[in-house]
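Descriptive analysis of the structure
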Amino acid sequence: MSERIWLSTPTTHTEEQEFIKEAFDTNWVAPLGKNVNEFENEIAQYTGCGYAAAMTAGTHALHMAVKLAGVSRGDVVICSDLTFAATVNPVTYENGIQVFVDSERDTWNMDPRALEIALEKYKDRVKAVILVHLYGTPSKLDEIMALCEKYNVPLIEDAAESLGATYKGRQTGSLGKYSAISFNGNKIITSSGGGMFLSRDEEAVKKVRFFSTQARDAAPHYQHSEIGYNYRMSNIVAGVGRGQLIHLDEHIALKKKIYNTYKREFEGLPVKMNPYLDYTEPNFWLSCFTIDEDAMERVTPEKIRLRLEEENIESRPIWKPMHMQPVYAARDFITAGDLVGEDLFRRGLCLPSDIKMTEDEQLRVIEIIKSLF
Ligand SMILES: Cc1ncc(COP(=O)(O)O)c(C=O)c1O
């Protein structure tokens, strides 16, 4: 059988090893070190976010954002519903309560109309809004930021999947009060695992550095007035990230080419690619599509997934909405009408988007899918 075609795996280059080698040569593999400092500066500069703190995971960056927003027992945090659980789990770490908000059809991200209903309903208890830029597609940020301002609630951007994507020319992750990105192995670039907390507020980033190195008070002995965490990235991991960041724009261009090839080749088929607003530029991390309702009787996403699997090709269902997750069954869910997230989950599929996939391999994927319709 031919080699497996993946959804999205790490694509490494040579510079990663040079940064790691320098860390070894200077005996500075840990703690922290030059690669961590430079990686933070480089990401801050690339995104224009102001300041950045490197973490062991994107999830930990989100946890720090929730903590800095001041979430505590019983506080409500309004969250994107259609996302990976890591977007919303940190609310539980701080004993907050998620309220899930449905998606809209133009970007698959948080619906501003549903957000407004949620903000009005919970205005006395809401501590933060967390939105995700799903699959690298920017959300309707103007509308959402205006609502956050109106209700005086901080916005947290989960830009884990969207590094390099822009909204009206500005980078996702640079517009919210706090933001998180992920360098997990399947992301647009990887540090082999890790994340970054971003903010325009330098004091906030200093606090994150404090909390993520065990919250040590300024004393020669070990003294703690607050609960801390061990969340800081290592100098080796940051070296991998620095080497990858050099290739971010190249990765985005390759992802965009994959997306456009699917879009072109699927013309005439009863499917729609994951959409984006014309004044945004996604990073095209994952190409996805939905099957038109009237074709669902013949072909389902699961049928395509199983057929591709037979050919050693990886694809994956769209994220299962959080309000459908057993662990969050008791949480409130707010939609502006027609249950968009549930519908995308039912009719959608994530397609192979690995930038090492050759054009011929992608055409093979496309032919297999076409043959099912
Ligand atoms: C939307 C989203 N949020 C958060 C995360 C968590 O990032 P990490 O795996 O680096 O903890 C991921 C990916 O893993 C993600 O896709």
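From a predicted model like this one, the values you see are computed outputs, not experimental measurements.

1. Details of the overall build of the chain
Of regular secondary structure, the chain possesses twelve helices and 15 strands. What you see for the chain is a C-alpha radius of gyration of 21 Å, in line with the 21 Å of a compact globule of 373 residues. With the C-alpha coordinates of the chain rotated into their principal frame, the extents come out at 70 × 55 × 35 Å. Relative to its 373 residues, the chain shows a buried fraction of 52%. Within the chain, contacts between residues at least 6 apart in sequence are counted, and of these 72% link residues at least 24 apart.

2. Considerations on unusual backbone geometry
Of note, the bond from A30 into P31 is cis; its omega dihedral lies within 30 degrees of zero at -10 degrees. On the secondary structure map, P31 appears in the loop between α1 (15-25) and α2 (34-47). Within the chain, L32 stands out as a residue other than glycine whose phi angle is a positive 45 degrees. For L32, the location among the structural elements is in the loop between α1 and α2. Residues other than glycine seldom take positive phi values, yet L339 does so here, at roughly 50 degrees.

3. Some thoughts on the pairing of strand β1 (residues 51-55)
The buried fraction of β1 amounts to five of the five residues, a majority that puts the element mostly inside the structure. The side-chain alternation of β1 yields two buried faces, one formed by Y51, A53 and M55 and the other by A52 and A54. Where β1 and strand β9 (residues 195-199) come together, five bridges link them in antiparallel fashion. Bridge pairing in β9 places M55 opposite G195.

4. Remarks on the nonpolar core
If you look at the biggest cluster of nonpolar residues, it comprises 110 residues, and the most contacted ones within it are A52, A65, I78 and F197. The residues touching F197, leaving out its near neighbours within four places in the chain, are A52, A53, M55, A61, M64, A65, Y178, A180, V205 and V208.

5. Focus: the site of the ligand
Close to the ligand lie 14 residues, the nearest being A57, G58, T59, A160 and S182. Here the shell around the ligand is built from residues that sort into five nonpolar, seven polar and two charged.

6. Concerning the domain arrangement of the chain
In terms of domain boundaries, the chain breaks down into domain 1 (15-245) and domain 2 (248-372). Measuring from the centre of the C-alpha atoms in domain 1 to the corresponding centre in domain 2 gives 25 Å. Domain 1 puts 40 residues into the contact, and the matching count from domain 2 is 33 residues. Counting residues per element, the side of domain 1 that touches domain 2 draws most heavily on strand β3 (residues 97-101), at five residues. Residues belonging to the side of domain 1 that touches domain 2 are distributed by class as follows: 21 nonpolar, nine polar and ten charged.

7. A look at the pairing of β9
In terms of residue burial, β9 counts as a mostly covered element, since five of its five residues are buried. The two faces of β9 match: G195, F197 and S199 on one face and M196 and L198 on the other face are all buried. Here strand β8 (residues 178-182) pairs with β9 via five bridges, running antiparallel. Within the sheet, the bridge partner assigned to S179 lies in β9 and is L198.

8. Observations concerning the sheet that holds β1
Reading across from one edge, β1-β9-β8-β5-β4-β2-β3-β14 is the order of the eight strands in this open sheet, with mixed pairing throughout. Either end of the sheet is taken by a strand with one partner, and the two such strands are β1 and β14 (332-334). Put simply, the sheet's adjacent strands are angled 20 degrees from each other on average, direction ignored. Across three bridges, β3 lies against β14 in parallel orientation. When the sheet's bridge partners are listed, V99 is paired in β14 with D332. In this fold α2 packs onto β1 and β9, with an angle of close to 130 degrees to the strand it touches most, β1.

9. Structural notes on the packing of α1 against helix α8 (residues 235-245)
Axis angle and axis distance: for two packed helices, these are the angle between their axes and the distance between the axes, and together they describe the pair. One can describe the packing of α1 onto α8 by two numbers: an axis separation of 7 Å at closest approach and a directional angle of 150 degrees. Judged by the inter-axis angle, α1 sits roughly antiparallel to α8. Where α1 crosses over α8, the two elements pack in a sense that is right-handed. Note on element contacts: α8 touches α1 through N235, I236, G239, V240, R242, G243 and Q244, opposite E15, E16, E18, F19, I20 and A23. Classifying every residue of the contact of α1 with α8 by side-chain character gives five nonpolar, four polar and four charged.

About the thresholds
Residues numbered from 1 in each chain as written. Predicted model: local features only at pLDDT ≥ 70, side-chain atom pairs only at ≥ 80, totals over all residues. Helix = DSSP H or I, 4+ residues; strand = E, 2+ residues; numbered from the N terminus. Rg over C-alpha atoms; globule rule 2.2 N^0.38 Å. Buried ≥ 20, exposed ≤ 12 C-beta atoms within 10 Å, placed from the backbone. Contact = placed C-beta atoms within 7 Å. Pairing = 2+ DSSP bridges. Core = buried A, V, L, I, M, F, W, Y, C linked by C-beta atoms within 7 Å. Near = placed C-beta within 6 Å. Nonpolar A, V, L, I, M, F, W, Y, C, P; charged D, E, K, R; others polar. Domains from an automatic or database assignment. Axes fitted to C-alpha atoms, helices over the stretch in contact; angles between N-to-C directions. Parallel < 35°, antiparallel > 145°, perpendicular 65-115°, else oblique. Left-handed = near helix turned anticlockwise from the far one by under 90°.

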